[in-house]
Amino acid sequence: KRAFPDSDFIRYKGVFMINIYYCADNRMFPQLLLSVLSLVKTNGAPLNVINLTVEIPEYNPKGKKTTPEQTAFLDRILKEKNPESRFTTVDVSDLFREKLLFGPNLHNKYYSYYVTVRLVAHLVREIPDKVLYLDTDCIVKDDLTDFYNLDMEGVEIAGRKDKHRLTRYFQSGVMLMNMKLIRETGLLERACRLCTTKKYICYIDMSALNTATKARRILPARYNSFQNVPCYVFHVCDLREGKIPLTKKWWHRIKPDEIDAFTARLPEFGYLKDSFTKIKAEHPSLFS
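Keep in mind it's a predicted model, so treat the numbers as computed, not measured.

(A) Local environment of the side chain of N19. With respect to the helices and strands, the residue N19 is situated in strand 2 (residues 15-23). Looking at N19, its side chain comes within polar contact range of the main-chain oxygen of K130, at 3.2 Å. One polar contact links N19 to Y148, side chain to side chain, over a distance of 2.8 Å.

In structure tokens form, the structure reads like this:
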């Protein structure tokens, strides 16, 4: 049996939970679904999963927030594995407008500004004192309990070194976050300010986070691997067929029409394809 210190977990109905948050809109539901399905496959502990969503028609008229139906469906999937788990969606459109919807990076041609949504998490009361952030293009391969239970005393963010950097520059797609300390130090507030005052060529949120973070912990690659090896989280951003670097296109998402190619190259994830195909056939309204 593992011992879970109270400071590391939030109690829900008397049960310790692992807290996870994503940032996704309606169009990102397919990849959010795939990631949640992998969570359910590999984790038996209660999961408190929170999705931050936005709908900003003045910035992106095509973007729509995730729907109550999608939230209810993901909540049901989690509860089928563990009745104490829950999935919650929080609309942070107003926070996004107030903190981020201006500045020199708003129309960055390399990355969607949606990547900065995660930077308002400190202002969301549903986000607890310790939380694991996951990009939606993350497939969970192992039980996250030991990962989540890492010592974060005096550490704001723990993440693996970015594969393109030689320094202590961490990759922001998978981050274990000491939100209690972050709220005290103002890390995310500084990151928001940097995004709206400093011009970045690319990696808007990741560069701002690395500049703003004073106390970090660099983790081994197994916590956030870009290769299909034994690891906690498989970050599949390099696997998309026909990727187009340095364009507006979000080339690193797993999209519905690419699941066949994905599972052909990585047959161990056939369960994701089977589950996704069945869900799409039985609940087409979730994908409209």
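(B) Summary view of the pattern of salt bridges. Under the criterion given, the structure shown has 12 salt bridges. For K79, the salt bridge identified is with D75, shortest N-O distance 2.9 Å. Of this pair, K79 and D75 are both found in helix 2 (residues 68-81), four residues apart, which corresponds to roughly one turn of the helix. What makes K79 partly exposed here is its relative accessible area of 32%. For D75, a relative accessible area of 17% gives the class buried. Across the salt bridge formed by R76 and E80, the nearest N and O atoms sit 3.8 Å from each other. With R76 and E80 both in helix 2, this residue pair falls four residues apart, about one helical turn. Residue class for E80 comes out exposed when judged on its relative accessible area of 60%. Linked through salt bridges whose partners overlap, the residues forming this network are E58, D94 and R97.

(C) Highlighting the packing of helix 6 (residues 187-197) against helix 7 (residues 204-212). At their nearest, the axes of helix 6 and helix 7 sit 8 Å apart, and the two run at 130 degrees to each other. Between helix 6 and helix 7, the angle is such that the two are oblique. The handedness of the crossing between helix 6 and helix 7 is right-handed. Side by side, helix 6 and helix 7 meet where L187, L188, R190, A191, L194 and C195 of the first sit next to I204, A208, L209, T211 and A212 of the second.

(D) Focus on the pairing of strand 8 (residues 174-178). Burial within strand 8 is extensive, with five of its five residues counted as buried. The alternating pattern of strand 8 places V174, L176 and N178 on one face and M175 and M177 on the opposite face, and all of these are buried. Inspection of the sheet shows strand 7 (residues 157-160) paired to strand 8 by two bridges, in the antiparallel sense. Its bridge partner being in strand 8, A158 is matched across the sheet by L176.

(E) Focus on the packing of helix 1 (residues 29-42) against helix 2. Packing of helix 1 against helix 2 brings their axes to within 9 Å, and their N-to-C directions diverge by 10 degrees. Put simply, helix 1 runs roughly parallel to helix 2. As for the relative orientation of helix 1 and helix 2, their crossing is right-handed in sense. Between helix 1 and helix 2, the contacting residues are F29, L32, L33, V36, L37, V40 and K41 on the first element and Q70, F73, L74, I77, L78 and K81 on the second. The residue inventory of the contact of helix 1 with helix 2, partitioned by class, reads 10 nonpolar, one polar and two charged.

(F) Layout of the environment of I218. Structurally, I218 is set in strand 9 (residues 216-219). Under the relative-accessibility criterion, I218 is labelled partly exposed at 27%. Spatially, the C-alpha atom of I218 lies 9.7 Å from that of D162, the residues being 56 residues apart in sequence. In this structure, I218 is in contact with G159, R160, K161, R168 and F170, ignoring residues within four places of it in sequence.

(G) Focus on the pairing of strand 3 (residues 47-53). Here strand 3 lies mainly inside the structure; seven of its seven residues are buried. Inspection of the sheet shows strand 3 paired to strand 4 (residues 86-91) by six bridges, in the parallel sense. Its bridge partner lying in strand 4, N51 is registered against T89. Crossover handedness for the path strand 3 to helix 2 to strand 4: right-handed.

Definitions and cut-offs
- Residues numbered from 1 in each chain as written.
- Predicted model: local features only at pLDDT ≥ 70, side-chain atom pairs only at ≥ 80, totals over all residues.
- Heavy atoms only, no water.
- Helix = DSSP H or I, 4+ residues; strand = E, 2+ residues; numbered from the N terminus.
- Polar contact = N/O pair within 3.5 Å; in protein donor to acceptor, adjacent residues only side chain to side chain.
- Salt bridge = Lys/Arg side-chain N within 4 Å of Asp/Glu carboxyl O.
- Buried < 20%, exposed > 50% of the residue type's maximum accessible area, 1.4 Å probe, protein only.
- Axes fitted to C-alpha atoms, helices over the stretch in contact; angles between N-to-C directions.
- Parallel < 35°, antiparallel > 145°, perpendicular 65-115°, else oblique.
- Left-handed = near helix turned anticlockwise from the far one by under 90°.
- Contact = heavy atoms within 4.5 Å.
- Pairing = 2+ DSSP bridges.
- Nonpolar A, V, L, I, M, F, W, Y, C, P; charged D, E, K, R; others polar.
- Right-handed = clockwise from strand over helix to strand, strands pointing away.

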